Amino acid sequence: MKKIALTIAAMMVSLASFAQFEADKFYIGASLSSFDLSYNGLTKGNIGMQAKGGYFVSDNLMALAQLSYQKQEDVPYSLSVGLGGRYYIVQNGLYLGASAVYKHCDSYDDFMPSVQLGYAFYISRTVTIEPEIYYEQSFKDHKDYSQVGLRVGIGVYLFRDAKQN
């Protein structure tokens, strides 16, 4: 049992050693959501894809832009565009996020603020796997369109110039 705990601790330290959430870095990310791991009152099954781009305005604080596509079983596809931010709580990759998204669907438009809690697991110096729990609040119809779910993505953290690498 002690060996397992020490191994996990060593892995966390080695993963955390890559964490460099510093100002003047860029971020590119893509994620998949749902696969029936999300829930709202209207749909039975859905899949979502998301692309993100970001810039660290200061250490641990990133401004984000996002574009999303979602296909639901009972509803036509929807497209979303939004702005948000992330705050990396500590240099180990744990982050809190918030965003405001405009969602367009065939039958309705909606404004949806969202909150996220995630973790950036470094698999190399600049590439991460990012599981994230999210909640989206619908202003159109809370009961049917608000959503909670799990999103898994991949992120790439880029330096502004090669000298900082």
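Residues numbered from 1 in each chain as written. Predicted model: local features only at pLDDT ≥ 70, side-chain atom pairs only at ≥ 80, totals over all residues. Heavy atoms only, no water.

I tried to follow the overall build of the protein chain on my own but got confused; where do I start?
For the protein chain, the count of helices and strands is 2 helices and 9 strands. Within the protein chain, counting contacts between residues at least 6 apart in sequence, those at least 24 apart form 52% of the total. For the protein chain, the accessible surface area stands at approximately 9200 Å², while carbon and sulfur atoms represent 68% of it. (Helix = DSSP H or I, 4+ residues; strand = E, 2+ residues; numbered from the N terminus. Contact = heavy atoms within 4.5 Å. Areas by Shrake-Rupley, 256 points an atom, 1.4 Å probe, with all protein chains shown as cover.)

What exactly am I supposed to notice about the pairing of strand β5 (residues 94–105) here?
Each regular strand displays side chains that alternate between the two surfaces of the sheet. Judged by which residues are buried, β5 turns out to be one-sided: Tyr95, Gly97, Ser99, Val101, Lys103 and Cys105 face inward and are buried, whereas Leu94, Leu96, Ala98, Ala100, Tyr102 and His104, on the alternate face, are not. Where strand β4 (residues 78–88) and β5 come together, 11 bridges link them in antiparallel fashion. Paired with Gly85 across the strands is Ala98, a residue of β5. A loop of 5 residues connects β4 with β5, the two strands running antiparallel in sequence, and Gly93 in this loop sits at a positive phi of about 110°. (Buried < 20%, exposed > 50% of the residue type's maximum accessible area, 1.4 Å probe, protein only. Pairing = 2+ DSSP bridges.)

What am I meant to see in the packing of aromatic side chains here?
A full pass over the atoms with the stated rule returns 14 aromatic pairs. When the centroid spacing of 6.1 Å and the interplanar angle of 35° are considered together, the rings of Phe56 and Tyr157 count as tilted. Pair noted here: Phe56 is in strand β2 (residues 46–58) and Tyr157 is in strand β9 (residues 147–159), with a separation of 101 residues, a long-range link. Here Phe56 and Tyr157 have matching classes, each one buried. Considering the side-chain rings of Phe111 and Phe139, the 5.7 Å spacing of their centres and the 15° angle between planes classify their relative orientation as stacked. Placement of the pair is Phe111 in strand β6 (residues 109–119) and Phe139 in the loop between β8 (127–136) and α2 (142–145), with a sequence separation of 28 residues. Judged by relative accessible area, which is 58%, Phe139 ranks as exposed. One aromatic cluster in this structure is built from Phe21, Tyr27, Phe56, Tyr88, Tyr95, Tyr122 and Tyr157. The positively charged end of Arg86 is found above the aromatic ring belonging to Tyr95, 4.0 Å away from the centroid. Its end group placed over the ring of Tyr134, Arg151 keeps NZ or CZ at 3.9 Å from the ring centre. (Phe/Tyr/Trp six-rings, centres within 6.5 Å; stacked < 30°, edge-to-face > 60°. Lys NZ or Arg CZ within 6 Å of the ring centre and 35° of its normal.)

Could you clarify how one ought to interpret the confidence of the model for the protein chain in this entry?
Atom-level detail of predicted coordinates should not be read off regions where pLDDT is low. A residue-level look at the protein chain finds 75% of positions with pLDDT of 70 or above and a mean pLDDT of 80. Throughout residues 4–19 the model reports pLDDT below 50, and contacts reaching past four residues in sequence, or to other chains, amount to 10 contacts. (pLDDT = per-residue confidence, 0-100.)

Sorry, what's going on with the pattern of salt bridges here?
Two side chains carrying opposite charge are able to pair once their charged atoms lie near each other. A full pass over the atoms with the stated rule returns 6 salt bridges. Notably, a salt bridge pairs Lys25 with Glu22, separated by 3.7 Å at the nearest N-O pair. Three or more residues are tied together by salt bridges with common partners; here these are Lys52, Arg86, Glu130, Glu132, Glu136 and Arg151. (Salt bridge = Lys/Arg side-chain N within 4 Å of Asp/Glu carboxyl O.)

Please clarify how unusual backbone geometry should be interpreted in this entry.
Excluding glycine, residues mostly have negative phi values, and the peptide bonds linking residues are mostly trans. In this model, Asp24 sits at a positive phi of 70°, which is unusual for a non-glycine residue. With respect to the helices and strands, Asp24 occurs in the loop between α1 (2–16) and β1 (25–34). Its identity is not glycine, yet Asn60 carries a phi of approximately 70°, on the positive side. Here Asn60 is to be found in the loop between β2 and β3 (61–72).

Any chance you could explain the side chain of Ser78 here in plain terms?
Assignment of secondary structure puts Ser78 in strand β4. Non-local contacts of Ser78, meaning those with residues more than four positions away in its chain, are made with Ser68, Tyr69, Gln70, Lys103, His104 and Cys105.

Where do I start with the nonpolar core in this structure?
A general feature of soluble globular proteins is that nonpolar side chains tend to end up buried together. Core analysis: the biggest nonpolar cluster contains 10 residues, these being Phe21, Tyr27, Phe56, Met62, Leu64, Tyr88, Tyr95, Ala120, Tyr122 and Tyr157. Not counting residues up to four positions away in its chain, the partners in contact with Tyr95 are Arg86, Tyr87, Tyr88, Ile89, Gln116, Leu117, Gly118, Tyr119, Ala120, Glu130, Pro131 and Glu132. (Core = buried A, V, L, I, M, F, W, Y, C linked by side-chain atoms within 4.5 Å.)

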